[in-house]
Amino acid sequence: MNNFKEQLSKETSCIDNIIEKYLPEAKGHAEYIKSAMDYSVEAGGKRIRPMIMLETYKLCNGTNEEELYPFMAALEMIHTYSLVHDDLPAMDNDDYRRGKLTTHKKFGEDFGILAGDGLLNLAYETMLSAIHKAAKTGDAQAVLRYSAAADVIANKAGVDGMVGGQSLDVMLTDKPMNEEQLDYIFRLKTGALIEAAFMAGGIIAGCDENVTKLLEETGYNIGFAFQIKDDILDVTSTQEVLGKPVLSDERNNKTTYVTLYGMEKAEKDTADMSVKALETLKTIGHNEYLEDLITMLIHRDR
Ligand SMILES: CC(C)=CCC/C(C)=C/COP(=O)(O)OP(=O)(O)O
Ligand SMILES: C=C(C)CCOP(=O)(O)OP(=O)(O)O
Ligand SMILES: [Mg+2]
Ligand SMILES: [Mg+2]
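Naming follows an unreviewed UniProt entry, where the protein appears as Polyprenyl synthetase family protein of [Lactobacillus] rogosae. If you open the UniProt record of the protein and go to Cofactor (unreviewed entry), you find "Mg(2+)". Looking at the Sequence similarities (unreviewed entry) heading of the UniProt record, one finds this comment for the protein: "Belongs to the FPP/GGPP synthase family."

Printed below as a string of structure tokens:
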């Protein structure tokens, strides 16, 4: 595990460097919004989505890592935009994220909204540009793989994915929530992008539809467990460790996995879903680092 921690910190900074290259240079008339976009992404974050994409690519025997970079950056941009908007006064109204002031607190609410818009659009610009580049070289197979990955990412981020999950989450704030509704919210607001990370890594490596299905299933279990753990940490951690306010769910009168099922079941289900994910993954192949990463996610403290 110590070796894993070292590798994790190295890989996280590698991914930081990869993402940075796709961010805008803050200058000209759009300097302020570009600074807000850069600030939001560069504030930090665990980078687990691009990391999962990269490690799944390796698991599926991908051989040219660089082809994945625009898609890794795009997924982190989409994730970051979602956090910037989630923190807005109209939604969770949080002042801290990733150990720093939230984007709207630092740049104003107008630029919190615009920075999110800018990041979401930049994600598609980045993926389309990679697809166009492959088309120009005449590599039809690459165009097919890249466009299939972009299609999955777009769907999982959209109204039948993350946006849909967040919408029900917002609608049921201050209202009672049943198990089926909580399931829908967890599967979509958090699970969908994690599913996209696993699937896009596999698709770009060239895996077939059966493996893509297994990767989606893996992503579902990890994503769900990840959100349960987020609910647990909201009541057990501290702002210093988390980098974002604790007890945010309680303040917003939100039903969480912990309030609905209790802490004991929350802990157990996190562990069980993570084991399920590892079992599915093992039917595809072996990547020790990815397996350690999954185990780390349920034991994480931030
Ligand atoms: C379309 C949008 C805006 C999507 C946001 C999706 C999302 C997972 C937000 C964070 O959830 P959370 O509020 O439970 O987590 P945190 O504790 O990190 O704020
Ligand atoms: C989906 C959820 C629970 C929001 C936070 O995601 P992360 O915990 O991955 O946030 P960062 O590390 O990217 O800040
Ligand atoms: Mg929220
Ligand atoms: Mg929130």
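There is more to say, and it comes next.
A. Examining the site of ligand 1 more closely. The local shell around ligand 1 holds 13 residues, among which Asp86, Asp92, Arg97, Lys189 and Lys244 are the closest. Contact with the protein chains removes 91% of the 510 Å² of surface that ligand 1 exposes when unbound. Of all the elements in the fold, those that place two or more residues in the shell around ligand 1 are helix H4 (69-86), helix H8 (162-171), helix H9 (179-205) and helix H10 (209-236). Per-element tally for the shell around ligand 1: the top contributor is H4, with 4 residues. Looking at side-chain class alone, the shell around ligand 1 contains 2 nonpolar, 5 polar and 6 charged residues.

B. Here's a closer look at the coordination of the magnesium ion (ligand 3). Donor atoms from the polypeptide that coordinate the magnesium ion (ligand 3) comprise Asp86 (OD) and Asp92 (OD), at 2.2 Å from the metal. Taken as a pair, the magnesium ion (ligand 3) and the magnesium ion (ligand 4) show a spacing of 3.1 Å, with Asp86 coordinating each metal. Across the pair, Asp92 and Asp86 agree in class, each one buried.

C. Representation of the environment of Ser237 in the model. Along the chain, the position of Ser237 falls in the loop between H10 and helix H11 (239-242). Taking relative accessible area as the criterion, Ser237 reaches 15% and is therefore assigned buried. Once the C-alpha coordinates of Ser237 and Thr190 are considered, the two residues, 47 residues apart in sequence, prove to be 20 Å apart. Beyond its immediate sequence surroundings of up to four residues, Ser237 is in contact with Leu242, Val246 and Asp301.

What counts, and at which threshold
- Residues numbered from 1 in each chain as written.
- Chains lettered and ligands numbered in written order.
- Predicted model: local features only at pLDDT ≥ 70, side-chain atom pairs only at ≥ 80, totals over all residues.
- Heavy atoms only, no water.
- UniProt positions renumbered as here; feature names shortened; annotations may be inferred.
- Near = heavy atom within 4 Å.
- Areas by Shrake-Rupley, 256 points an atom, 1.4 Å probe, with all protein chains shown as cover.
- Helix = DSSP H or I, 4+ residues; strand = E, 2+ residues; numbered from the N terminus.
- Nonpolar A, V, L, I, M, F, W, Y, C, P; charged D, E, K, R; others polar.
- Donors = N, O, S within 2.8 Å, 3.2 Å for Na, K, Ca; no water.
- Buried < 20%, exposed > 50% of the residue type's maximum accessible area, 1.4 Å probe, protein only.
- Contact = heavy atoms within 4.5 Å.

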